[in-house]
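One letter stands for each residue in the lines below.
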Amino acid sequence: MMTTIALGNNGPLVSKLGLGCMRMSSIWGGATNDENESIATIQMALDSGINFLNTGDFYGSGHNELLVGKAIKGRRDDAFISVKFGAIFYGGKLLGLDLRPVAIKNFINYSLVRLGVDTIDLYQPCRLDGSVPIEDLIGTVADLIKEGKVRYLGVSEITSDQLRQANSIYPVSALEIGYSLADRQIESDLLPTAKELGIGVVAFANTAEGLLTGEMKAPLPANDYHLHFSRFQGENLVKNLEKVEMLRQMASEKGYTPTQLAIAWVNAQGDHIMPLVSMSRRSRLPENIQAMEITFTPEEMDLLSIHFSQGAILGGTYLQR
């Protein structure tokens, strides 16, 4: 039985494990995954008690929302749909953000049609860039909630101060943010703020873009998108993979995979934290669900905390701006 997490002090109960749908669609200009398999994966997740589905209106230029809409047709009540908005892509490249109130009101209508629903459960800007006063941005989503087009407000990739400000304008139910053994910088400020305010945390990139899977080899192919990030370049990657060997060893001793331990560690960080795992194949579901049942001894948690202390992984990612 899948355990649940409350999004916000008085927010909805959703599955403790979330399904990230981004990889089911082309976002960086690559090939789109098998649509039938993706739909089957979403439906199998729902059957398994995973009801939190995370998408974005810019994933595949709307393809991802259409996909999710097909998968939940006839079973809307089984799914809790989280949608990010604001990013503008063209030709596989990010052109910038559009967070103007008039744009948000346009985005929401397209999302509702593509998803085939009357209401989006959680609606959130993908990040902030200072181009629009936060009062106007959050106020617009609050208006959509009053109109019945949205149920709850979420935010993504913001600072502690921005989180406090947004929550003071309208109650924030969920914060979506990257979090893993390799990316722990949010522990000093942002995570404590979310907990203080009673905001649920939707944690993506649990394997640090694949670094913690134990499957990476150095050097990476010249066309690998990971090379855009310094932690995957040259000696940084060599040193970082040496760090990951410890996780591989612990996983082997416990009878699991490094990926499962990476997810389990995020899950163990609090009852208010949800690991958001991207999947596009049904074969991935059993192992990721099993990861939610993994426990650590106090000694194992201490060992992981010390070995992967903040700054232990060299180089940065897009999460470290």
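How each quantity is defined
- Residues numbered from 1 in each chain as written.
- Predicted model: local features only at pLDDT ≥ 70, side-chain atom pairs only at ≥ 80, totals over all residues.
- Heavy atoms only, no water.
- Helix = DSSP H or I, 4+ residues; strand = E, 2+ residues; numbered from the N terminus.
- Pairing = 2+ DSSP bridges.
- Axes fitted to C-alpha atoms, helices over the stretch in contact; angles between N-to-C directions.
- Contact = heavy atoms within 4.5 Å.
- Buried < 20%, exposed > 50% of the residue type's maximum accessible area, 1.4 Å probe, protein only.

Before going further, it helps to examine unusual backbone geometry. Cis geometry marks the peptide bond from A218 to P219; its omega dihedral reads -5 degrees. With respect to the helices and strands, the residue P219 is situated in the loop between β11 (200-204) and α7 (234-254). The phi dihedral of E157 is positive, around 50 degrees, even though this residue is not glycine. Take E157: it is sitting in the loop between β9 (150-156) and α5 (160-169). Of note, the phi angle at E209 is positive, near 60 degrees, even though the residue is not glycine. Within the secondary structure, E209 is located in the loop between β11 and α7.

With that settled, consider the sheet that holds strand β8 (residues 120-125). Judged by pairing direction, the barrel is parallel, and its eight strands sit side by side in the order β3-β4-β5-β8-β9-β10-β11-β12 before closing back on the first. Strand-to-strand twist of the sheet, defined as the mean angle between neighbouring strand axes without regard to direction, takes the value 30 degrees. Here four bridges tie strand β5 (residues 80-85) to β8, and the two strands are oriented parallel to one another. Within β8, the position partnered with S82 by the bridge is L122. Along the sheet, helix α8 (residues 258-267) makes contact with β11 and β12 (273-278), crossing β12 at roughly 155 degrees.

Position of S38 relative to the elements: it lies in helix α1 (residues 35-47). Once you skip the residues sitting within four places of it in the chain, S38 turns out to touch M24, N33, L67 and S280.

Taken across its 10 residues, helix α2 (residues 63-72) has seven buried, putting it largely inside the fold. Trailing α2 by a residue or two, G74 shows a phi angle of about 85 degrees, which is positive.

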